[in-house]
Amino acid sequence: MTRAIRESGPGDQAEARPDVACYVYGILPEDVEMTEDALGVGDPPAKVRIVRHGEIAALVSDVDVDRPLGRAQDLVAHERLLDDVAAEVPVLPLRFGAVMTTPEAVVEELLTPHHDSFAAALKQIEGRSQFVLKARYAEQPVLIEVLSENAEARQLRDRIRQLPEEVTRSERMRLGELITHIIAAKREADTQAVVERFEPVTAGAVVREPSHERDAAHVAFLVENDRWDDFERAVEELRADWGARVEVRLLGPMAPYDFVVS
């Protein structure tokens, strides 16, 4: 497992090569060392090292300039490294695919001009991690809700049942539109309820765009590390309250992707 430790030391230096660029994963405090098993993108995965400047540092690795990025395994490696590091120390994640020419360019073009804002942001997320709550309506329960609450939907359903499919095309289209609209309204209300419910045990929330037509809520939460148990207990209480109506998944802890603009 990749681990980062808070122990000041000189950064690894790599000899400049014209066929190699510098892939940047994120920003850390300068007093961090990576263990030997820290690997990043590439095939084979490249060794990860630290480039330091002042109170901050960049987490980087070599990448061949003629190798296109964007493969699924590269994205997985990028996120896995950041999530492992975030479990140990604060990290500001950069977007996938951030590449600079050399470590010197990382210092001159990234760390130096943004030193103070990066340092301040690291202090804000110190001792905090991100979790993502994904809730999805179960298909049959939500359809039963829609039909029980909306007279027009019930009438359309009954007409579709009574007539041949070839003569109910418009009714089917209207029913689909109606169901989509009603579920969207439910999603908005349930998402707001989730955000308010978790306010006492979280330090921040970001509502994500739905990833599925039956999403009930998709929210990223920033959680104090010493409140993980309280947060996870609140998630279990939500599961119990929603029961079979909604499937609830919890992802994390992870790097604070939704709380950092990079």
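Predicted model only: the values in this text are computed from it and were never measured. (Residues numbered from 1 in each chain as written. Predicted model: local features only at pLDDT ≥ 70, side-chain atom pairs only at ≥ 80, totals over all residues. Heavy atoms only, no water.)

Chemist: Give me the layout of surface pockets: which residues, what numbers.
Modeler: Empty space within the largest pocket amounts to approximately 370 Å³. In terms of lining, the largest pocket is formed by 14 residues, of which the most central are Leu143, Gly176, Ile179, Thr180 and Ile183. No other element matches helix H6 (residues 169-198), which puts seven residues into the lining of the largest pocket. Here the lining of the largest pocket is composed, by residue class, of six nonpolar, two polar and six charged. (1 Å grid on protein atoms, 1.4 Å probe; cavity = no way out; pocket = protein on both sides within 12 Å on 5 of 7 lines; lining within 4 Å. Points joined across faces, edges and corners; volume = space filled by probe spheres on them. Helix = DSSP H or I, 4+ residues; strand = E, 2+ residues; numbered from the N terminus. Nonpolar A, V, L, I, M, F, W, Y, C, P; charged D, E, K, R; others polar.)

Chemist: Outline the side chain of Arg187, listing residues and values.
Modeler: As for its position among the elements, Arg187 is in helix H6. Although Arg187 lies buried, it forms no salt bridge, and the closest oppositely charged side chain, Asp215, sits 5.7 Å away as judged by the N-O distance. Not counting chain neighbours up to four residues away, the residues in contact with Arg187 comprise Tyr137, Pro210, His212, Glu213, Arg214, Asp215 and Ala216. (Buried < 20%, exposed > 50% of the residue type's maximum accessible area, 1.4 Å probe, protein only. Lys, Arg positive; Asp, Glu negative; His and termini not counted. Salt bridge = Lys/Arg side-chain N within 4 Å of Asp/Glu carboxyl O. Contact = heavy atoms within 4.5 Å.)

Chemist: Tell me what's going on with helix H2 (residues 103-111), and back it up with residues and numbers.
Modeler: If you check which residues of H2 are buried, you get Ala105, Val106, Val107, Leu110 and Leu111. Among the structural elements, strand E2 (20-29), strand E4 (48-53), strand E5 (56-64), strand E7 (99-100) and helix H3 (115-125) are those in contact with the buried residues of H2.

Chemist: Tell me about the confidence of the model for the protein chain, and name the residues and values.
Modeler: In low-pLDDT segments, the atomic positions of the prediction should not be examined closely. Looking at the protein chain as a whole, its pLDDT mean stands at 91, while 92% of the residues score no less than 70. Counting contacts from residues 8-14, a segment whose pLDDT is below 50, to residues more than four positions away or on other chains yields 14 contacts. (pLDDT = per-residue confidence, 0-100.)

Chemist: Pulling in residues and values, what's your account of the nonpolar core?
Modeler: Membership of the largest hydrophobic core comes to 31 residues, with the highest contact counts inside it found for Leu133, Ala135, Val194, Phe198, Phe221 and Phe231. Listing elements by their share of this core, those giving two or more residues are strand E8 (128-137), helix H4 (139-149), helix H5 (151-162), H6, strand E10 (215-224), helix H7 (228-242) and strand E11 (246-254). Sorting elements by how many residues they give to this core places H6 first, with eight residues. One finds Leu28, Val63, Val89 and Ala255 within the second-largest nonpolar core, a separate group that totals 21 residues. (Core = buried A, V, L, I, M, F, W, Y, C linked by side-chain atoms within 4.5 Å.)

Chemist: For empty space enclosed by the protein, give the residues involved together with the corresponding values.
Modeler: Enumeration over the complete set of coordinates arrives at one cavity of 30 Å³ or more. There is about 30 Å³ of room inside the largest cavity. What lines the largest cavity is simply Ala86, Pro90, Val91, Ile125, Arg128, Ser129, Gln130, Met254, Ala255 and Pro256. With three residues, the single largest contributor to the lining of the largest cavity is E8. Grouping the amino acids of the lining of the largest cavity by side-chain chemistry returns seven nonpolar, two polar and one charged.

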